[in-house]
Amino acid sequence: MPLRADSPVVTTLLAILAGAVCVFGFAPTGLWWLPLLSLALLFRLWRRYPARGAWLGWCYGMGYFASGISWLYTSLHEYGGMSAWLATLAVALFSAFLALFPALAGWLAARTFWRAPLLLAAGWVLQEWVRSWVFTGFPWLLLGYSQVPASPLAGYDPIGGVFLLSLLTAWSAATLQAPTRLSLSALVALWIAGLGLQQVHWTHPDTAPLTVSLLQGDIAQDVKWQPEHLTSTLERYERMVLASHAQLVVLPETAFPLLYDQIPPVYLQVLADSARMRQADILVGIPERDRQGHYFNSLYSLGTSPLQIYRKHHLVPFGEYVPLQSLFGSLLQLLQVPMADFSRGSAFQPPLRVDGLRVAPDICYEDVFGNEIIHALPQASLLINITNDAWFGRSAAPWQHAQMSQARALETGRYMLRATNTGLTAIIAPDGRLAATLPLFTAATLDGQVRGYTGTTPYVRFGDTPVLALAALLLGSAFWRARRSPSRNRA
């Protein structure tokens, strides 16, 4: 007996497929229009089958995350020491957990009067926001990132950040699934306005061009922490630093796989002296241990400027620390992750002073939190991210991560420099576009010029608050109407 189009099996498969396809809207494929069609299909399913709202939302989330974070298998199996079956199970369970967030949106859609496209969009944004902070947050693959930098909607990023992009993308998708002449006219106006906003310059350069060298050492993750490879790692970075003639040289996260107090002083002195001779500065990721025995994932400045230290604040759960140690403490031994017991740096650290510029550094995962990056603004005129994405192998993850850095540059109207171990090392322009990049898994130096920028975008001034308040207000009014009119309580 053939399956009917409205059968639970067919709608389930459609939801899973729509979620998996949506991921192709993000880097590296960058088909930014695809998430609109994908989400429009989900919203259509919610509208037609409200009783299945939570289930269909969960299925969509499973397709979305199982496809979008499949790179986690590489991290756990190839570099974390997990067996293949256990790593597969871990990715599946994590995807199933993350899928609970779109499931929540579907459950709410079935119980409130959500025929208005803007209400559907508001619900989608709020579930993304909850995902961005619960258990310290995992804001990977937020819908709005798919629109950076090529979509016309990217023009709204400096105004309200990635959550505004998510709201407008979801609203566009909801409009497409049930269009009217009025709603389509509003949609066209929205997108045309986005193109116009891309011509607005919220910030402007206020310094002379600065020459930079971003070093990509390409140290394989499976040998990075092995003692027998330490000398070759230090020698490689020494050669790269000494060969640079730039005013600012940036090395990746944990470029030197030693604690700061374990590095031979003469080695650091050679690097610092080479920088001082040409009136330059070096920023390098080095783990450190303080006098109380606390470990930090840190960035050090060497050269012309006085010694400065930035300590990573937003740590990666199960990668840099284990939450609920009494429950998950044994996971440290299972994952075999080196230096996995870091302490947090201060939430508010002043920008570093480098060659007349104020630089806002962040380390690895921190650049996915736009509301934290703006803490150093508008004082800082340049953004720098150092990271080690070797954990992800040859997957889409380095590109996905770089796309989030592109959003930070666009939101703040400043250059973003990314120095990575294996890629994607990049110079990102204030409009969010990749000005220059290095190929992945290549030992090379990316040379270029940047300028410090001054000025304040609306997002730097107000952060996520206006967008989240609007979404909460819309949903609050929907709940109020639903309670007053129970008979209309349908999606």
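Everything discussed here concerns the structure shown above.
What this report covers is the structure whose coordinates are included nearby. Note that the structure is predicted; figures quoted are calculated from it, not measured.

## Details of the pairing of strand β4 (residues 281-289)
Burial analysis of β4 places eight of its nine residues in the buried class, the great majority of the element. Strand direction decides the pairing type here: strand β3 (residues 248-250) and β4, joined by three bridges, are parallel. Among the inter-strand pairings, Leu248 is bridged to a residue of β4, identified as Asp281. Note that the unit made of β3, helix α11 (residues 265-277) and β4 has a crossover that is right-handed. By the bridge criterion, nine bridges tie β4 to strand β5 (residues 295-303) in an arrangement that is antiparallel. Bridge pairing links Ile286 to Ser298 in β5.

## Here we look at the packing of helix α8 (residues 157-177) against helix α15 (residues 397-412)
To characterise two packed helices, one gives the angle between the axes of the helices and the distance between these axes. Put simply, α8 and α15 touch, their axes get as near as 8 Å, and they point 145° apart. Here Asp157, Pro158, Gly161 and Val162 of α8 come into contact with α15, specifically with Ala407, Arg408, Leu410 and Glu411. The residue makeup of the contact of α8 with α15, split by class, is four nonpolar, one polar and three charged.

## Details of the pattern of salt bridges
What the rule picks out here adds up to five salt bridges. With its nearest N and O atoms 3.0 Å apart, the salt bridge here joins Arg276 to Asp273. In this pair, Arg276 and Asp273 both sit in helix α11, three residues apart, roughly one turn of the helix. Its relative accessible area of 38% is what places Arg276 among the partly exposed residues. Note that Arg311 is salt-bridged to Glu288, the shortest N-O span being 2.7 Å. In this pair, Arg311 is assigned in strand β6 (residues 309-311) and Glu288 in strand β4, connecting sequence segments 23 residues apart. Taking the relative accessible area as the measure of exposure, Arg311 reaches 26% and is therefore partly exposed. For Glu288, a relative accessible area of 5% gives the class buried.

## Section: α11
Between its first and last C-alpha, α11 extends 18 Å over 13 residues, near the 18 Å set by a 1.5 Å rise per residue. By the burial criterion, the buried members of α11 are Tyr267, Leu268, Leu271, Ala272, Ser274 and Ala275. Seen along its axis, α11 keeps its buried residues to an arc of 155°; they face one direction. Turned more than 90 degrees from where α11 packs its buried face, Pro265, Val266 and Met277 sit exposed.

## A closer look at the sheet that holds strand β13 (residues 444-450)
The mixed open sheet is built from six strands, whose spatial order is β6-β5-β4-β3-β2-β13. The sheet is open, and its two edges are formed by β6 and β13, each paired on a single side. Recorded for the sheet is a direction-independent mean angle of 25° between the axes of neighbouring strands. Across the face of the sheet, helix α10 (residues 230-243) comes into contact with β2 (210-216), β3, β4 and β13 while running at roughly 160° to β2. Strand contacts of α11: β4 and β5, with the helix running at about 40° to β5, the strand carrying the most contacts.

## Remarks on the packing of aromatic side chains
Under the criterion given, the structure shown has 22 aromatic pairs. Note on Tyr64 and Phe65: the rings are 5.0 Å apart at their centroids and 80° apart in plane angle, and the pair reads as edge-to-face. For Tyr64, a relative accessible area of 3% puts it in the buried group. Taken together, a centroid distance of 5.4 Å and an interplanar angle of 80° make the contact between Phe256 and Tyr267 edge-to-face. With Phe256 in the loop between β3 and α11 and Tyr267 in helix α11, the pair connects residues that are 11 residues apart, well separated along the chain. On the basis of relative accessible area, Phe256 is assigned to the buried category, the value being 1%. Taken together, the ring pairs connect Phe26, Phe43, Trp46, Tyr60, Tyr64, Phe65 and Trp124 into an aromatic cluster. For the cation-ring pair, Arg52 lies above Tyr49, with the distance from its terminal atom to the ring centre recorded as 4.4 Å. Its guanidinium or amino end placed over the ring of Phe296, Arg311 lies 4.1 Å from that ring's centre, counting from NZ or CZ.

What counts, and at which threshold
- Residues numbered from 1 in each chain as written.
- Predicted model: local features only at pLDDT ≥ 70, side-chain atom pairs only at ≥ 80, totals over all residues.
- Heavy atoms only, no water.
- Buried < 20%, exposed > 50% of the residue type's maximum accessible area, 1.4 Å probe, protein only.
- Helix = DSSP H or I, 4+ residues; strand = E, 2+ residues; numbered from the N terminus.
- Pairing = 2+ DSSP bridges.
- Right-handed = clockwise from strand over helix to strand, strands pointing away.
- Axes fitted to C-alpha atoms, helices over the stretch in contact; angles between N-to-C directions.
- Contact = heavy atoms within 4.5 Å.
- Nonpolar A, V, L, I, M, F, W, Y, C, P; charged D, E, K, R; others polar.
- Salt bridge = Lys/Arg side-chain N within 4 Å of Asp/Glu carboxyl O.
- Expected span 1.5 Å × (residues − 1).
- Arc of directions from axis to C-beta.
- Phe/Tyr/Trp six-rings, centres within 6.5 Å; stacked < 30°, edge-to-face > 60°.
- Lys NZ or Arg CZ within 6 Å of the ring centre and 35° of its normal.

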